[in-house]
Amino acid sequence: MNILKELQWRGLVDQTSEPELEKILAEEKLTVYSGFDPSSSSLQIGNLVGILALMRFQQAGHRPIALVGGATGMIGDPSGKDAERNLLGPEAVKANIASIRGQLEHFLGGSDADTKVIIVDNAEWLGSLGLIEFLRDVGKNFRVGYMLGKESVRRRIGEGEEGMSYTEFSYMLLQGYDFAHLFSEYGCTLQIGGSDQWGNITAGIDLTRKLHGKRVFGLTWPMVTMAGGSKFGKTEAGAIWLDGQKTSPYDFYQFWVRTDDRDVVNYLKYFTMLGQDQIEELAEQTAKEPEKRRAQQVLAGEVTRMVHGQKALEQAVQASQKLYGGALEELPPKGIPQTILSRTQLEEGLELIDILVKTGLAQSRGVAKRLINQGGAYINHKAAQSLERRLGVGDLAKGQFIVLRAGKKNYHVLYFVE
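What counts, and at which threshold
- Throughout this description, residue numbers start from 1 for each chain and increase along the sequence as written.
- Owing to the predicted nature of the model, reporting of local features is limited to residues with pLDDT of at least 70; listing and counting of side-chain atom pairs is limited to 80 or more, with chain, interface and lining totals taken over all residues.
- For side-chain calculations, the full set of non-hydrogen atoms in the structure is used, while hydrogens and water are omitted.
- To define a nonpolar core, start from buried Ala, Val, Leu, Ile, Met, Phe, Trp, Tyr and Cys residues and group those joined through side-chain atoms within 4.5 Å.
- Three exposure classes are used, based on accessible area relative to the maximum for each residue type with a 1.4 Å probe and protein chains only: buried under 20%, partly exposed in between, and exposed over 50%.
- Per the convention used, a helix needs a DSSP run of H or I reaching at least four residues, while a strand needs a run of E reaching at least two, with both numbered from the N terminus.
- Two residues qualify as a contact provided that any one of their heavy atoms is within 4.5 Å of a heavy atom in the partner residue.
- For patch building, the residue pool is restricted to those with more than 30% relative accessible area and no salt bridge; the joining distance is 9 Å between like charges and 5 Å between nonpolar side chains (Val, Leu, Ile, Met, Phe, Trp, Tyr).
- To measure how exposed things are, a 1.4 Å probe is used in the Shrake-Rupley method; for residues, cover is taken only from the protein chains shown.
- The term salt bridge refers to a pairing of a side-chain nitrogen on Lys or Arg with a carboxyl oxygen on Asp or Glu at a separation within 4 Å.
- Note that His is not counted, nor are the chain ends; the positive residues are Lys and Arg, and the negative ones are Asp and Glu.
- Where a charge lies is defined by one atom per residue type, namely NZ (Lys), CZ (Arg), CG (Asp) and CD (Glu).
- In this scheme Phe, Tyr and Trp rings, the latter by its six-membered ring, pair at centre separations within 6.5 Å, and the angle between planes marks the pair as stacked below 30 degrees, edge-to-face above 60, and tilted otherwise.
- At least two DSSP bridges between two strands are needed for those strands to be called paired.
- For helices, the fitted line uses only the C-alpha atoms of the stretch in contact; every axis is such a line through C-alpha atoms, and the angle between N-to-C directions lies from 0 to 180 degrees.
- For classification purposes, an angle smaller than 35 degrees is called roughly parallel, one larger than 145 roughly antiparallel, one from 65 to 115 roughly perpendicular, and anything else oblique.
- The sense of a crossing depends on the near helix, which, turned anticlockwise from the far helix by less than a right angle, makes the crossing left-handed and, turned clockwise, makes it right-handed.
- Following the grouping adopted for this structure description, the nonpolar residues are Ala, Val, Leu, Ile, Met, Phe, Trp, Tyr, Cys and Pro, the charged ones are Asp, Glu, Lys and Arg, and the polar ones are all others, Gly among them.

Q: It is not clear to me how the nonpolar core should be interpreted in this structure. Could you clarify?
A: Nonpolar side chains in soluble globular proteins generally cluster together in the buried interior. Within the largest apolar cluster, 63 residues are counted, with the highest numbers of intra-cluster contacts made by Leu48, Leu104, Leu190, Trp256 and Phe271. Ranked by residues supplied to this core, first place goes to helix H3 (residues 48–59) with 8 residues. Those residues in contact with Trp256, other than ones at most four positions away along the chain, are Ile45, Leu48, Phe232, Tyr267, Phe271, Gln296, Leu299, Ala300 and Val303. With 32 residues, the next largest nonpolar core counts Val120, Met164, Phe169 and Phe183 among its residues.

Listed below in structure tokens is the structure:
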């Protein structure tokens, strides 16, 4: 497999550090790394681009390294950010890394000893690096003018009192040192990432050359966008997570099914392992018969199966088919997000706004209120009419459950027990 040509036809090459990288990748087996931020206990669907890029390199015979930033995650990458985020403590980061490691192994574990993923935490080397040692051995290799020229810095440096802290300003030195360390320790010669990482990647290329006198490379892909203008991977209920406990397989499946026709072919290239012929055929079907949404169904099926498995996919499909029938003659199918509450709570009355937030159908009370006012909140397939609406025993279907819906396709089932 010519991995660079593969990435190019998928639209996954934005910049490369060397014009001869294609020839190098065709002739040599490289060790390639991409970084993942442990700011949460789960990766999001945006991380799938990086995960699948490593998988593609792995299938082409290259060795992947997945770096989880236990040290840099406590600082926060300013790239692509408009404000400094709240810093996590070491225990929270450690717990997040343990969870993310399992997700990465799910995709990249493999059985081939030569290409099996290496998962590392940069706290292993950055955590023991003294400040004086770091400034002397790393900091002296960077000029302030060079750092100010990076886009991630330029975007934030002139924002008055908010601006950019020294902590964030130093981030590119840390990531640059990661690349130099991985070269020294594992012979890693290629770093990949989103286009917002270009400044950090080139900093690592320069530092590795200065510290080790060797040439290493960088490759970025374009940032994923949504044709409708909203941020990729975000919904009214929040981010779409890879963890089935944070985003149910049903909601995960529905996110992909709702993909805009303008996005679906690109997403098939970015987020699936389908080949060129298969994707071109689906593109033709979308152009000729968009109402059938065949490409969206294939996209949702492929990604849901890859992340959650075949059984979860079958349950999500079954739940979708049954729910859209609108019938309440039987218990809702498995796979739909659900919450179990006590019947006593229902007898006392449950505020609809509060329940929409608690179930994740709305991100906040403000969003829940807008949803109700716009006629987008449903109780057992009937639109809620008032902000004062409360759920009671009279809302029970089959004496056991209440089906809530936000918008056209976001469902949640409340079950009540004695």
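Moving on from the model shown.
Q: I keep staring at a negative patch on the surface and nothing clicks. Help me out?
A: Taken together, the side chains of Asp277, Glu280, Glu281 and Glu284 make up a negatively charged region of the molecular surface. Along the polypeptide, Glu281 turns up in helix H14 (residues 276–288). When its relative accessible area of 48% is taken as the criterion, Glu281 is described as partly exposed.

Q: Help me understand the packing of aromatic side chains, please; the structure alone is not making it clear to me.
A: Given two aromatic rings, one states the distance between the centres and the angle between the planes to describe the pair. If you walk through the whole model with that rule in mind, you get 13 aromatic pairs. Plain terms: the ring middles of Phe232 and Tyr267 are 5.4 Å apart, the flat faces sit at 75 degrees to each other, and that makes the pair edge-to-face. Highlighted residues: Phe232 in the loop between strand E6 (217–221) and strand E7 (234–235) and Tyr267 in helix H13 (residues 261–271), separated in sequence by 35 residues. Each member of the pair, Phe232 as well as Tyr267, is classed as buried. Residues Phe401 and Tyr415 carry aromatic rings whose centres are separated by 6.1 Å and whose planes lie at 50 degrees to one another, so their mutual orientation is tilted. Separated by 14 residues along the polypeptide, Phe401 in strand E14 (residues 401–406) and Tyr415 in strand E15 (residues 410–417) bring together distant segments of the chain. For Tyr415, a relative accessible area of 18% translates into the label buried.

Q: Explain the sheet that holds strand E3 (residues 63–68) to me, please; I cannot follow it from the model alone.
A: Strands pair in a sheet through their backbones, by hydrogen bonds, and they do so in one of two ways: parallel or antiparallel. Spatially, 6 strands are ordered E1-E6-E5-E2-E3-E4 in an open sheet, and the strand pairing comes out mixed. Each edge of the open sheet is held by one strand with a lone partner, namely strand E1 (15–16) and strand E4 (118–121). Here E3 runs beside E4; their pairing, made up of 4 bridges, is parallel. The partner of Ala66 across the bridge, within E4, is Ile119.

Q: Please explain the environment of Val413 as it appears in this structure.
A: Mapped onto the fold, Val413 is located in strand E15. Residue classification places Val413 among the buried positions, given a relative accessible area of 1%. The spatial distance from the C-alpha of Val413 to the C-alpha of Thr339 is 6.4 Å, given a sequence separation of 74 residues.

Q: Can you walk me through the sheet that holds strand E11 (residues 377–379) in this structure?
A: Strand order in the open sheet made by the 5 strands is E9-E15-E14-E11-E12, with mixed pairing throughout. Each edge of the sheet is formed by a strand with only one pairing partner; in this case those strands are strand E9 (338–342) and strand E12 (382–383). Of the pairings in the sheet, the one linking E14 to E15 comprises 6 bridges and is antiparallel in character. Across the sheet, Arg405 pairs through a bridge with Tyr411, a residue of E15.

Q: What's the story with a nonpolar patch on the surface in this structure? I'm lost.
A: A grouping of Leu131, Ile132, Leu135 and Tyr166 is seen on the molecular surface, where their side chains present a nonpolar patch of about 480 Å² in accessible area. Of all the elements, helix H6 (residues 131–137) adds the most residues to the nonpolar patch, at 3 residues.

Q: Please clarify how the pattern of salt bridges should be interpreted in this entry.
A: Side-chain pairs of opposite charge can arise whenever the charged atoms involved come near each other. For the coordinates displayed, the defined rule picks out 15 salt bridges. Between Asp137 and Arg136 there is a salt bridge; the shortest N-O distance is 2.9 Å. The class for Asp137 is partly exposed, based on a relative accessible area of 28%. One salt bridge connects Asp261 with Arg293, and the closest N-O pair in it is separated by 3.6 Å. One end of the pair, Asp261, is in helix H13; the other, Arg293, is in the loop between H14 and helix H15 (294–308), with 32 residues separating them in the sequence. Arg293 sits in the partly exposed class, given a relative accessible area of 27%. Salt bridges linked by common partners bring Glu18, Glu20 and Arg215 together as one network.

Q: How should the packing of H3 against helix H4 (residues 90–108) be read in this particular structure?
A: Any two packed helices are characterised by the angle at which their axes cross and by the distance between the axes. Here H3 crosses H4 at 40 degrees, and the two axes come no closer than 10 Å. On the basis of the axis angle, H3 is oblique to H4. Handedness of the H3/H4 crossing: right-handed. Residue-level contacts link Leu48, Ile51, Leu54, Met55 and Gln58 of H3 to Leu104, Phe107 and Leu108 of H4. Among the residues forming the contact of H3 with H4, the class breakdown is 7 nonpolar, 1 polar and no charged.

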